[in-house]
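Structural characterization, general
Chain by chain, the residues run as shown.
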Protein chains: 2
Amino acid sequence: MKGLRWGILLALALPGFVHAEQVAQATSPDGRIVVQLDLNGEGRLAYRVLRDGKPVVADSRLGFIFRNGRQILRGLQLDKQAARSADSTWEQPWGERRYVRDHYNELRASFVEKDHDRRRFDMVFRVFDDGVGFRYDIPAQPKLQEAQIVQELTEFAIARPATAWWIPAFEWNREEYLYQRTPLVEVGVAQTPITLRTDDGVHLSIHEAALVDYAGMNLMRDGRTLRAILTPGSPTPVVRKTPFATPWRTITISDNAGGLVESNLILNLNEPNKLGDVGWFKPAKYVGVWWSLHLDKQTWATGPKHGATTANTRRYIDFAAENGFRGVLVEGWNVGWDGDWFANGWDFDFRKPTPDYDLRGLAAYAKTKGVHLIGHHETGCAVSHYERQMDEAFALFDTLGIDAVKTGYVCDAGQIERQDVVNGPVLREWHEGQWMSNHHLRVVQDAAKHHVAINSHEPIKDTGLRRTYPNWVSREGARGQEFNAWGDPPNSPEHEVTLVYTRMLAGPMDYTPGVVSLTGKNGQEIGSTVARQLGLYIALYSPIQMAADLPEHYAQHADAFQFIKDVAVDWDESRMLAGEVGEYAVIARKQRGADAWFIGAVNDRNPRNVPLALDFLDPGKRYRAEIYRDGEGADWHGDARFRFVRESREVTRGDTLALWLAGGGGAAVRLVPIEG
Amino acid sequence: MKGLRWGILLALALPGFVHAEQVAQATSPDGRIVVQLDLNGEGRLAYRVLRDGKPVVADSRLGFIFRNGRQILRGLQLDKQAARSADSTWEQPWGERRYVRDHYNELRASFVEKDHDRRRFDMVFRVFDDGVGFRYDIPAQPKLQEAQIVQELTEFAIARPATAWWIPAFEWNREEYLYQRTPLVEVGVAQTPITLRTDDGVHLSIHEAALVDYAGMNLMRDGRTLRAILTPGSPTPVVRKTPFATPWRTITISDNAGGLVESNLILNLNEPNKLGDVGWFKPAKYVGVWWSLHLDKQTWATGPKHGATTANTRRYIDFAAENGFRGVLVEGWNVGWDGDWFANGWDFDFRKPTPDYDLRGLAAYAKTKGVHLIGHHETGCAVSHYERQMDEAFALFDTLGIDAVKTGYVCDAGQIERQDVVNGPVLREWHEGQWMSNHHLRVVQDAAKHHVAINSHEPIKDTGLRRTYPNWVSREGARGQEFNAWGDPPNSPEHEVTLVYTRMLAGPMDYTPGVVSLTGKNGQEIGSTVARQLGLYIALYSPIQMAADLPEHYAQHADAFQFIKDVAVDWDESRMLAGEVGEYAVIARKQRGADAWFIGAVNDRNPRNVPLALDFLDPGKRYRAEIYRDGEGADWHGDARFRFVRESREVTRGDTLALWLAGGGGAAVRLVPIEG
């Protein structure tokens, strides 16, 4: 049976039948983007986004399903609305650029239910020239004191057919996938950020900003509509007391692929630095045993092949000192790796080095060389166990001058181990669920107390929280270089090129580039040229970058190694010079506090010529361009991978650099002003 | 960081790299279907299904993610296996056919974890000639006393490209959608049953059987793989104490569309009748105010237009008696409709008639005419409120000879109201969650005690439980005729034709056919011919069928009405004579306990000729074929909808009926043996 009333509700709920009334609107500072809010005859709220008068996002529903209360969906009316504008510029302590302009028009529309419990919530929209962010802001109220959110009914109805670049959600392997490129209508259930290009050339990235005390948002497709589906939790994906606000739902919009990369929308929607002076952290490069572990030449566990021994670590400290790298990372330094750590992270001790690893001695030795050890905390997903030790562990590092730690959460999705009470039941959580969103903030805040920066692996997705907690300097959360050691398949030439326009839109990634030996385990070829490995240092931003290859391999590739020694890791500005999603990317960055520029390029499997106008250089200055490029006949297969040219010439801003990129190739350029 | 071990795990987890070992196999009685179970080097379990040696379902993962324990996924080994065969025939008290053959080979493979907690579970596969059913059977064990299931990792990796007919899951409107026909790779998140036709012509239906004390299974697509996603619940979709078994996951397989319709696989995987003698229920047709409510001529609420008045109901009782209909249904007979019942089902009283409705008097009056009132229980989703009253409500009906009740659960998905303690918190559940799977069984079992049959609307999906609880005689759970009154859009000519091969594979549906006036509210045209409305009585099986139109309309269509009076509702056998998914369907059914046959046909928007060989008729018998068909020029638009011919001729099994079906048309034929 369907009530007559039901008939009315249904009829009004259907597009063809909607008597929608526009109740509010906001426009971007440049006037190109317009957001409109509608209430239909049934009191259902929807938003749409237009650009240059054309819909980019068609009418998309907003609302919630609660477990402990009636859904917020229908019978809504606009109570009041307020508009404001903001235009400020803030400084990043380090980053892709020093100064970030935060310029938007904001609409706050307050809605209340006509009947039932007269519950209220605000929709806050910030409209920037490069996109839109919106969030639900729910005030404290007697009829909604706690929200047990079963589902957030947020939709993104893409107005036109589009191509999508995406990875699946709710799969076993967290975020470590090769990106799929499919028509929008073939997207399954996707993680964010997801990148779209409509058939009329508009580029979109849908993601979220400031994921705090909330479940990560994934996207479930129905037709051309992407609908929010929250990462599971218990009793529901999200439980919050009012007042609270959701993370910002973001739609970055650009005429071209580069515009997505240059956008600061995600950072702008995060809160300012809450940690104060973070000058104790220095963006830097580091070396370590990581690659030899993935080559199976060394092991995390103690024994004949143990990587984290005193002797071996001294060797890396010397290597770092000789070549000007600030950091040395050794994984497997602590107790707990010898058993089946993957099955039982509860054996880890984050305060006890293995007997063959003289932590204090090595820290002191490093200090004499101006080198800093980088700590390592793999939890094996025994997260509560880690939380009980982390404060002591950070304090220990603090005393030893270890000011950065790489954390890890290696286990299948949905298998994070939470134990609220010692010896209590162990509950499983998801890497991107509400509980983990809070765990990661507990880690970075506690680490900050001890002047430790966090580089988290198998993390929750990046939503720009590095602005608020600058010591959350980098993370992994994507298919990294290690897949080139043992992955089946290894990363394709398209992978890193796609990362630039997808995963990297969320924030920095510790991809561990620079494997100039181009060979994985058992001789597996890495689908890259030498020059491409150098280009990655610019293409994939991170304030902490590894020179990942083995010292003996760098000895065999001195030319290429020179760039890795020279390349900066902190920037005054960054510019996308050329590129298309999944095809190629050429990025220029100006070294922070210096006049040098760096250019990095990565390419898919199709060779191409890219003419680069150097008009970003300072007028009147002459520069020495140190060019590291693919040699003639270079290609991502066989010996052709190693065809590599290092050359130098003089250029000015009037010049154009005719760059040739091999299939699976790339390039790196350092531009240094010539004095006098 | 990714452990080396992790690398191994990953490598082994990837198709290209699997060293899989086949550990068990089962074959269908006719040898065409083979199920194989593999364990790969990582101890991951997968099954595959081959037909005639070709894969239909490629390697598909099995397992669980638990909230209160490590996932069951890797490190599995085969402990033991057992095979058995069964071939029996059982009798339906009523149904599409009287005798059902249950013929299969069963494999029970017992798996145990190599390490961790050495947890155990059995996979039980039953392989029939027309498909496969499998379930997880988890024994009681110390390390798994309760399972809080976050996700069931069951996959269906469709081996070839396919066309899919499906409706979305987790949308607001439960099951009431027009079916989408898309390539498999464009399926979003789908409800079951989902129907697939591979590019080499194999027809598949994926569904489940015996959904008891468990969450309904939906399907999330990734590539060509459909992965289980359970309907939400709290703290997880499913919480069960061991021992328990999951519902059967079913894959019906056929060379043609008709094979899906004729399959008994779902019923065969349900338990036998637990209610004993159910002779008190009689399959029957009924009439009532339902259509006038949807036309807005009458109302559920009391007042000048109230439908459920004593006088109006007497008129329907007389109409039923005059025309040989057993049942009269009046909705809106009880207290609670006058307020905003959609918002508050807690006002309903299922024991109190409205003042203008003499329940006892009408029941007595009906009795004198050999007519039975049909009860109506719309809960408005205040399900706990209904459970507290239902026993008294059924008892009341029992005393009045009311032996069938139409129930209803009108609210958005996820908004079922559960209140475990009187005046306690109201929790929201989903229509197809674990809690509702138990609620519906509480209803049918309590109703059975009082000799009441249940016809549930906005129900949980049908998984064949009518075999175990025969008084669960029918349900809705699809986009029904009411959408032709006010739907925007109304049902398309393809809709009912698609239902035959999708929703109807799950079980009977109370579609409420027979609206021969072909006109909805405000004169909205119904996209159907008159003959099609008659064909629906055969095409869409239900043991309780409504003559849905208004008595005055039947008076204007005496010829068509004759068939509605004559058509049977219970069958000795049913045969699919011709059809393709979403295009057309022609079904023949032999009346239970009589020699008459009935043929029903429904067609999409394309006119077509269908030659029907009558070779199913008894040899040596002559039959009078009463043919109700589309007239010349009939079509589903305008006056052409009413072009209708009733004719009669004599036929034998040697004859072929040359049936012409109009666009949006259909046909109905009654074949009565001629005596002597």
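Thresholds applied
- Residues numbered from 1 in each chain as written.
- Chains lettered and ligands numbered in written order.
- Predicted model: local features only at pLDDT ≥ 70, side-chain atom pairs only at ≥ 80, totals over all residues.
- Heavy atoms only, no water.
- Core = buried A, V, L, I, M, F, W, Y, C linked by side-chain atoms within 4.5 Å.
- Buried < 20%, exposed > 50% of the residue type's maximum accessible area, 1.4 Å probe, protein only.
- Helix = DSSP H or I, 4+ residues; strand = E, 2+ residues; numbered from the N terminus.
- Contact = heavy atoms within 4.5 Å.
- Buried area = accessible area lost by both parts, 1.4 Å probe.
- Salt bridge = Lys/Arg side-chain N within 4 Å of Asp/Glu carboxyl O.
- Polar contact = N/O pair within 3.5 Å; in protein donor to acceptor, adjacent residues only side chain to side chain.
- UniProt positions renumbered as here; feature names shortened; annotations may be inferred.
- Phe/Tyr/Trp six-rings, centres within 6.5 Å; stacked < 30°, edge-to-face > 60°.
- Pairing = 2+ DSSP bridges.
- Axes fitted to C-alpha atoms, helices over the stretch in contact; angles between N-to-C directions.

Turning our eyes to something else, we now look at the nonpolar core. Leu37(B), Tyr47(B), Phe125(B), Phe156(B), Ile194(B), Leu196(B) and Leu226(B) are the most contacted members of the largest nonpolar core, which totals 173 residues. Ranked by residues supplied to this core, first place goes to helix H7 (residues 383-399) of chain B with seven residues. Those residues in contact with Phe125(B) that lie beyond four places of it in its chain are Val35(B), Leu37(B), Tyr47(B), Leu62(B), Asn105(B), Glu106(B), Leu107(B), Val132(B), Gly133(B) and Phe134(B). Listed in part, the 172 residues of the second largest apolar core include Tyr286(A), Ala308(A), Leu359(A) and Ile587(A).

With that settled, the discussion passes to the interface of chain B and chain A. Facing 82 residues of chain B, the contacting portion of chain A comprises 83 residues. Buried surface at the junction of chain B and chain A, summed over both partners, amounts to about 6,700 Å²; 56% is from carbon and sulfur atoms. One can count eight salt bridges joining chain B with chain A. A salt bridge links Glu171(A) to Arg61(B); its shortest N-O distance comes to 3.8 Å. For the pair chain B and chain A, the number of links is 21 residue pairs in polar contact (both at pLDDT 80 or more).

So, about the UniProt feature "domain: Glycosyl-hydrolase 97 N-terminal" (unreviewed entry) in chain A. Here, UniProt's "domain: Glycosyl-hydrolase 97 N-terminal" (unreviewed entry) annotation points to residues 27-272 of chain A. Secondary structure across residues 27-272 of chain A comprises 4% helix and 54% strand; the distance between its end C-alpha atoms is 24 Å.

Each aromatic ring pair is specified by the distance between its two centres and by the angle formed by the two planes. Taken as a whole, this structure holds 58 aromatic pairs over all chains when the rule is applied. Relative to Phe156(A), the ring of Phe134(A) has its centre 6.1 Å away and its plane inclined at 40 degrees; by these criteria the two rings are tilted. Here Phe134(A) is found in strand S9 (residues 131-138), whereas its partner Phe156(A) is found in strand S11 (residues 155-158), with 22 residues between them in sequence. The same class applies to Phe134(A) and to Phe156(A), which are both buried. Seen in terms of ring centroids, Phe64(B) and Phe66(B) are 5.6 Å apart; in terms of plane orientation they differ by 15 degrees. Their pairing is stacked.

All names here are of chain A. Here six strands make up an open sheet; going across it, the order is S31-S32-S33-S38-S35-S36 and the pairing antiparallel. The sheet terminates laterally at strand S31 (571-580) and strand S36 (644-651), the two strands that pair on one side only. Pairwise comparison of adjacent strand axes, ignoring direction, gives a mean angle of 15 degrees for this sheet. Of the strand pairs in this sheet, strand S32 (residues 584-591) and strand S33 (residues 597-603) are connected by seven bridges, and their pairing is antiparallel. Paired with Lys 590 across the bridge in S33 is Trp 597. Where helix H10 (residues 493-501) meets the sheet, it contacts S31, S32 and S33, and its direction lies at approximately 55 degrees from that of S32. Strands S33, strand S35 (623-630), S36 and strand S38 (666-673) of the sheet are contacted by helix H13 (residues 558-566), whose axis makes an angle of about 125 degrees with S35.

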